[in-house]
Amino acid sequence: MATQVSDRTGCWTADPGFGVYVHIPFCKHRCHYCDFNTYEGQEELHFAYVEALVADIENRDPGNRSATSIFFGGGTPTLLPGPESGRILSAVVHNIGVGPGAEVTIEANPETVDEAKFVALLEAGFNRVSIGVQSLAPEVLARLGRTHSPERALEAVVAARRAGFEEVNADLIYGSPWESTSDWMRSLDGVVAAGPEHISAYALTVEEGTPLHTLVATGRAPGVEPDIQAERHELASEVLGAAGYERYEVSNWSKPGHASRHNVLYWSAGDYLGLGAGAHGHHNGRRYWNERLPREFVTRVSSKCSTESGSELLDAGTRSGEAMMLGLRLASGVQLDEFTLRYGRGWLDTHAGVVAELEAAGLLERSEGWLRLSAGSTLVANDVLCRLL
Ligand code: SF4
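A. Examining the overall build of the protein chain more closely. In terms of helices and strands, the protein chain carries 15 helices and 15 strands. For 389 residues, the compact-globule estimate of 2.2 N^0.38 gives 21 Å, and the C-alpha radius of gyration of the protein chain, at 21 Å, lies within 12% of that figure. Judged by the C-alpha coordinates and their principal axes, the protein chain covers about 60 × 50 × 45 Å. In the protein chain, buried positions account for 44% of the 389 residues. Counting only contacts in the protein chain whose residues sit at least 6 apart along the sequence, the fraction spanning at least 24 positions is 74%.

B. Seen up close, the pairing of strand S4 (residues 128-134). Burial runs high along S4: 7 of the 7 residues are buried. With burial as the criterion, each face of S4 is covered, one bearing Arg128, Ser130, Gly132 and Gln134 and the other bearing Val129, Ile131 and Val133. Note that strand S3 (residues 98-108) and S4 share 4 bridges and pair parallel. Across the sheet, the residue bridging to Glu107 is Ser130, located in S4. As paired elements, S4 and strand S5 (residues 168-174) share 4 bridges and run parallel to each other.

C. Just the sheet that holds strand S14 (residues 364-367), in detail. Pairing is antiparallel in the open sheet, where 3 strands are placed in the order S13-S15-S14. Lying at the two open borders of the sheet, with one neighbouring strand each, are strand S13 (334-335) and S14. When S14 meets strand S15 (residues 370-373), the two strands line up antiparallel, connected through 4 bridges. Note that in S15 the partner of Leu364 across the bridge is Leu373.

D. Main features of the domain arrangement of the protein chain. Entries for the protein chain in the domain assignment read domain 1 (18-267) and domain 2 (333-387). A C-alpha centroid distance of 30 Å is found between domain 1 and domain 2.

E. Quick look at the environment of Leu293. Checked against the element boundaries, Leu293 lands in the loop between strand S11 (286-290) and helix H10 (294-302). On the neighbour-count criterion, Leu293 (16 C-beta atoms within 10 Å) is partly exposed.

F. How the structure looks around unusual backbone geometry. A cis amide bond links Gly74 to the next residue, Gly75, at an omega of 15 degrees. One can find Gly75 in the loop between strand S2 (67-74) and helix H2 (82-95). Of note in this structure, Asn284 is not a glycine but carries a positive phi near 50 degrees. As for its placement among the helices and strands, Asn284 is situated in the loop between strand S10 (280-283) and S11. Looking at Asn284, the number of C-beta atoms within 10 Å reads 8, which means it is exposed. A positive phi is found at Glu368, a non-glycine position, where the angle reads about 45 degrees. Looking at the secondary structure, you find Glu368 in the loop between S14 and S15.

About the cut-offs
Per chain, residue numbering runs from 1 following the sequence as it is written. In keeping with the model being predicted, local features are shown solely for residues with a pLDDT of at least 70 and side-chain atom pairs are shown and tallied solely at 80 or more, while totals for entire chains, interfaces and linings include all residues. The helix and strand labels rest on DSSP assignments: H or I over at least four residues marks a helix, E over at least two residues marks a strand, and numbering proceeds from the N terminus. Here the radius of gyration uses the C-alpha set of atoms, whereas the globule reference equals 2.2 Å times the residue count to the power 0.38. Counts of 20 or more other C-beta atoms within 10 Å of a residue's own C-beta define buried residues, counts of 12 or fewer define exposed ones, and intermediate counts define partly exposed ones; C-beta atoms are placed from the backbone. Note on contacts: each residue gets a C-beta atom placed from the backbone, and two residues are in contact if those atoms are within 7 Å. By the convention used here, strands pair only if DSSP detects at least 2 bridges between them. Annotation comment: domain bounds sourced from an automatic or database domain assignment.

Written out as structure tokens, the structure reads:
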């Protein structure tokens, strides 16, 4: 089957291609707010995990679609030596297939990268790097349990560029209880000055089961303030907009033509293969997830058992509703004719009343066949989307 490589405009598309997500579930140190499927202190397992992941990929039926985007996430994928990441990528290329011009991203923690590592990753076939800067305020980084310094984070962006990466993302987190407005301005200004093509800025959430949640629940740390987070988001929009970044999703900005294809594939409800411990995948309305524990994942592969630990089939209503919720996160919104061709009229008919109410209230808008969140409703996106469920 021919694969389409979407442009990088960041717009919703009915045919976003086919993605591959590879999960590396290891970190040097667990950050206080983190609820991802990642583990510290399992260094002895790294090599066995790479072996198992490569074997799992090699044992798969390649299917008939080659990847238009690949994303190595974690955890800290750059905790692995560059050649080990290269082995996994090579297995994907040779056993699943990668289309021409595919976007191949790896997440990088500033502490685990330097120019030589970035050169090795480029040589291995990665062409986009996403660097976890998070904040440029030392106090904020320390409180979040991040162990890198602001200088180290900016050095990582510069090193990626010097090595030759032409697509660089910087991740930021805002709205922690210890962050002042000037801290946030410092983070935004510093990252803009470093010049990545893409900036993601997410509001800090306090997830159950994290050390941060315990601190907040026991009164040893203040909670997050939604109003302050909304102000920080607006500040991000102002500063990044003035610097030439376009917001193409609620929390993602890019220079024109540099939106992430892999992100757009998720928000366009595309199909993607999930590889590695705890990875999720989606194929034509079937969602599945893999064994979470790295050690158990390795055992399953060596015993020739499936690494999948669960799945669900989405009925037509759930699938089209989820696709609309995801698509409306994109600034472009959703093209309604193409949406109807792909999912039928069911969702639009059953939600005509609430859509009309939200349009009348100025929270949704429609133009030239696209339905989108209005500019003023981005800050309350989750509330608006909940009303559409
Ligand atoms: S580096 Fe990322 S994945 Fe690892 S512990 Fe910190 S937040 Fe979690």
